[in-house]
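Chain and residue survey
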Amino acid sequence: QVQVVESGGGLVQPGGSLRVSCVASGSVFRIDTMGWFRQAPGKEREFVALISSGGATRYAKSSMKGPFTISRDNAKNTVYLQMNSLKFEDTGVYYCFIDAGSRRYWGQGTQVTVSS
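Because the structure is predicted, anything quoted here is derived from the model rather than measured.

This brings us to the pattern of salt bridges. Evaluated as defined, the whole model comprises 4 salt bridges. The closest approach of N and O atoms between Arg-38 and Glu-46, which form a salt bridge, is 2.7 Å. By relative accessible area, which is 7% here, Arg-38 ends up buried.

Shown next, in the form of structure tokens:
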């Protein structure tokens, strides 16, 4: 069994920064892609960013690549999402996923609220 747990969400003012983390544990032998989705209130879950086992990254929008940075620590089975210059529209629940053994595992989500 694989467990995926996010942390690091919270309340931040517009223009502020936040880093969310996600760690995988349990019967994890080899993790391939790791990444993040988010779901804003009243909207569908959307892709944010992913990172391959080799460190290649992809972001949902080119405009997101600057303020958002995804990274991973393979030794710790952990993926991070550093978010800078946060805007009101970045508010939502951020979900981590990991791909391992041809399956995708999801975390329970961490709330990020951008508000003044």
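Attention now goes to the state of the cysteines. A complete count under the given rule lists 1 disulfide for this structure. A sulfur-sulfur separation of 2.1 Å characterises the disulfide bridge that pairs Cys-22 with Cys-96. What sets the handedness of the Cys-22 and Cys-96 disulfide is the S-S torsion sign, and at about -75° it is left-handed. A residue pair is termed long-range when its members are at least 10 positions apart, and Cys-22 in strand E3 (residues 18-26) and Cys-96 in strand E9 (residues 92-100) qualify at 74 residues. Here Cys-96 falls in the buried class, since its relative accessible area comes to 0%.

Rules and cut-offs
Residues numbered from 1 in each chain as written. Predicted model: local features only at pLDDT ≥ 70, side-chain atom pairs only at ≥ 80, totals over all residues. Heavy atoms only, no water. Salt bridge = Lys/Arg side-chain N within 4 Å of Asp/Glu carboxyl O. Buried < 20%, exposed > 50% of the residue type's maximum accessible area, 1.4 Å probe, protein only. Disulfide = S-S within 2.5 Å. Helix = DSSP H or I, 4+ residues; strand = E, 2+ residues; numbered from the N terminus.

So yeah, pure geometry; function would need other evidence.
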